[in-house]
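In case you want the letters, here they are:
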Amino acid sequence: VDDAIATGYLLVNTNRLDQAIAAFDDLLSKHPRLVAARLGRGSARALQDDLQGALEDFDVAVEVAPHVTDCLKRRGQSLAALGRLDDALRDLNAAVTLEEKSSSSEFDADLYHQRGAVQHRLQDYRTAARDFALALEKDEEGSQRPRQEAARTWNMLGLCEAQLGLVAHESFVKSLELDATSRETWLNLGQAARDRGDADAAKRAFMRCIATDPAFCRGHHALGLLMYGTGDFLKATASFKRCVALAQKEDADAAVGALYYAGLCWSALGVFEKAEEYFVRALARDPGHVCWYARQLG
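Computed from a predicted model, the values in this text were never measured in an experiment.

Participant: Honestly, the overall build of the protein chain in this entry has me stumped. Any pointers?
Facilitator: In terms of helices and strands, the protein chain carries 17 helices and zero strands. Taking the principal axes of its C-alpha atoms as reference, the protein chain extends roughly 75 × 40 × 30 Å. Counting all 298 residues of the protein chain, 46% fall into the buried class. Long-range contacts, defined as pairs at least 24 residues apart, comprise 45% of the intrachain contacts of the protein chain with a sequence gap of at least 6. Total accessible area on the protein chain is roughly 15,500 Å²; 50% of this is exposed by carbon and sulfur atoms.

Laid out in structure tokens, this is it:
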């Protein structure tokens with residue numbers, strides 16, 4: 001059994017998810033309440049976006065081993081991914097309580113991060129910030145979290161600080177010191193610089209964001225907004241055009257915003273036919289968008 005579990009987890013960790021699920025299926029057909037196999041198959045299912053299937057496995061794991069932190073943590077993560085945030089918070093609170101009472105010297109700092117992420121989604125930014133800070137304290141005490149995970153915690157702490165009206169610059173910088181490949185963190189750093197009125201620093205950050213991932217449409221959108229704000233309308237329109245061209249389904253709001261601001265740029269430049277074109281395109285995507293008013297004024 002131990003060898004079969006080890007093989008299953010190796011398949012999960014090497015992204016051979018169909019094989020992993022098949023291996024755990026075979027194991028669970030003989031031992032349906034084996035917690036390690038439930039956690040393994042649930043993890044593989046979650047990685048395949050079969051969140052309901054993952055939840056079924058984690059439900060059994062929690063039923064069999066309600067005092068095992070990892071069972072509660074993984075179910076909490078699945079519940080959060082399914083949008084059941086209150087249920088997720090219940091599980092993660094229970095997992096943190098168990099971990100805090102444990103005599104183990106290796107506290108799972110990611111528990112605080114996961115709970116903070118749920119609090120952030122619930123817009124309880126102050127509580128979320130405390131959890132992210134606790135995760136980082138555990139890192140300082142010798143937590144074995146990978147650098148990229150710690151970087152994500154610093155980034156999330158910065159987002160909370162920004163929502164609370166605090167200076168978030170340092171948190172984003174510390175995140176990038178750990179992982180300079182995060183396009184989202186470069187974007188957040190740029191927005192923090194823009195919010196404090198430092199256009200040059202904001203431009204540098206947005207350019208690094210785009211250099212990190214040239215296909216990141218929200219990076220082009222942010223640079224376009226900065227150029228619009230500084231009156232460089234031609235450069236702004238180029239960024240907005242690129243944003244629209246790169247937008248995916250989940251970027252619909254950014255694409256509509258880019259079309260609207262491109263229209264405003266052309267209007268400011270006195271090229272009203274171009275402005276009309278962009279306003280019409282924005283309204284075709286979102287008939288209720290405020291650009292109908294700008295179009296009437298034009």
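Resuming the write-up.
Participant: Whenever I open this one, helix H2 (residues 17-30) confuses me. Can you help?
Facilitator: In this model H2 runs 20 Å from its N-terminal to its C-terminal C-alpha over 14 residues, within 8% of the 20 Å that 1.5 Å per residue would give. Taken together, the buried positions of H2 are Leu17, Ala20, Ile21, Phe24, Leu27 and Leu28. Down the axis of H2, the buried side of the element spans an arc of 125°, and every buried residue falls inside it. Along H2, exposed side chains directed more than 90 degrees from the buried face belong to Asp18, Ser29 and Lys30. Where H2 is buried, its residues contact helix H1 (2-13) and helix H3 (35-47).

Participant: Hey, could you run me through the layout of surface pockets in this one?
Facilitator: Any space left empty among the atoms is revealed by the rolling of a water-sized probe across them. The calculated volume of the largest pocket comes to roughly 350 Å³. Together, 17 residues line the largest pocket, and Ala162, Ala168, Phe172, Ala192 and Asp195 are the ones closest to its centre. At the level of secondary structure, the elements contributing two or more residues to the lining of the largest pocket comprise helix H9 (147-163), helix H10 (169-178) and helix H11 (183-195). Of all the elements, H11 adds the most residues to the lining of the largest pocket, at five residues. Split into classes, the residues belonging to the lining of the largest pocket amount to eight nonpolar, six polar and three charged. The calculated volume of the second largest pocket comes to roughly 250 Å³. Along the wall of the second largest pocket there are 15 residues; nearest its centre are Glu106, Phe107, Asp108, Ser143 and Gln144. Among the residues making up the lining of the second largest pocket, the classes are represented as three nonpolar, four polar and eight charged.

Participant: Quick question: what am I supposed to make of the packing of helix H8 (residues 125-140) against H9 here?
Facilitator: Axis angle and axis distance: for two packed helices, these are the angle between their axes and the distance between the axes, and together they describe the pair. Two elements in contact, H8 and H9, have axes separated by 9 Å at closest approach and are oriented at 150°. When the interaxial angle is binned, H8 and H9 end up roughly antiparallel. In terms of crossing hand, the pair formed by H8 and H9 is left-handed. Two secondary-structure elements touch here, H8 through Tyr125, Ala128, Ala129, Phe132, Ala135, Leu136 and Asp139 and H9 through Ala150, Thr153, Trp154, Met156, Leu157, Cys160 and Gln163. A breakdown of the residues in the contact of H8 with H9 according to their chemical character gives 11 nonpolar, two polar and one charged.

Participant: What should I look at first to understand the nonpolar core in this one?
Facilitator: Nonpolar side chains in soluble globular proteins tend to end up buried together. Core analysis: the largest hydrophobic core is formed by 40 residues, its most contacted members being Trp186, Leu187, Leu189, Phe206, Phe240, Phe279 and Cys291. Secondary structure elements with two or more residues in this core: H10, H11, helix H12 (199-212), helix H13 (217-229), helix H14 (233-246), helix H15 (252-268) and helix H16 (272-285). Ignoring sequence-local partners within four residues, the contact set of Leu189 consists of His169, Phe172, Val173, Leu176 and Ala205.

Participant: Can you walk me through the packing of aromatic side chains in this structure?
Facilitator: Enumeration over the complete set of coordinates arrives at seven aromatic pairs. In this structure an aromatic cluster arises from ring pairing among Tyr228, Phe233, Phe240, Tyr260, Tyr261 and Phe279.

Participant: Looking at this structure, I do not really get the pattern of salt bridges. What am I missing?
Facilitator: When their charged atoms lie close together, side chains carrying opposite charge are able to pair. In the structure shown here, the tally under the stated rule is 25 salt bridges. Asp108 is the partner of Lys73 in a salt bridge, and the nearest nitrogen-oxygen pair spans 2.9 Å. Of this pair, Lys73 sits in helix H5 (residues 69-81) while Asp108 sits in the loop between helix H6 (85-101) and helix H7 (110-121), and the two are 35 residues apart along the sequence. Here the salt bridges share partners, and the residues they tie into one network are Asp59, Arg75, Arg84, Asp87, Arg90 and Asp91.

Participant: I tried to follow unusual backbone geometry on my own but got confused; where do I start?
Facilitator: In terms of backbone geometry, most residues other than glycine have negative phi values and most peptide bonds are trans. For Asn15, which is not a glycine, the phi torsion comes out positive at approximately 65°. Following the sequence through the fold, Asn15 ends up in the loop between H1 and H2.

Participant: Just checking my understanding: could you explain helix H4 (residues 51-64) for this structure?
Facilitator: The periodicity of an α-helix, 3.6 residues per turn, causes residues three or four positions apart to be oriented the same way. Between its terminal C-alpha atoms H4 stretches 20 Å, which fits the 20 Å expected from 14 residues at 1.5 Å a residue. Taken together, the buried positions of H4 are Leu51, Gly53, Ala54, Leu55, Asp57, Phe58, Val60, Ala61 and Val62. Considering only its buried residues, H4 is in contact with H3 and H5.

Cut-offs applied
- Residues numbered from 1 in each chain as written.
- Predicted model: local features only at pLDDT ≥ 70, side-chain atom pairs only at ≥ 80, totals over all residues.
- Heavy atoms only, no water.
- Helix = DSSP H or I, 4+ residues; strand = E, 2+ residues; numbered from the N terminus.
- Buried < 20%, exposed > 50% of the residue type's maximum accessible area, 1.4 Å probe, protein only.
- Contact = heavy atoms within 4.5 Å.
- Areas by Shrake-Rupley, 256 points an atom, 1.4 Å probe, with all protein chains shown as cover.
- Expected span 1.5 Å × (residues − 1).
- Arc of directions from axis to C-beta.
- 1 Å grid on protein atoms, 1.4 Å probe; cavity = no way out; pocket = protein on both sides within 12 Å on 5 of 7 lines; lining within 4 Å.
- Points joined across faces, edges and corners; volume = space filled by probe spheres on them.
- Nonpolar A, V, L, I, M, F, W, Y, C, P; charged D, E, K, R; others polar.
- Axes fitted to C-alpha atoms, helices over the stretch in contact; angles between N-to-C directions.
- Parallel < 35°, antiparallel > 145°, perpendicular 65-115°, else oblique.
- Left-handed = near helix turned anticlockwise from the far one by under 90°.
- Core = buried A, V, L, I, M, F, W, Y, C linked by side-chain atoms within 4.5 Å.
- Phe/Tyr/Trp six-rings, centres within 6.5 Å; stacked < 30°, edge-to-face > 60°.
- Salt bridge = Lys/Arg side-chain N within 4 Å of Asp/Glu carboxyl O.

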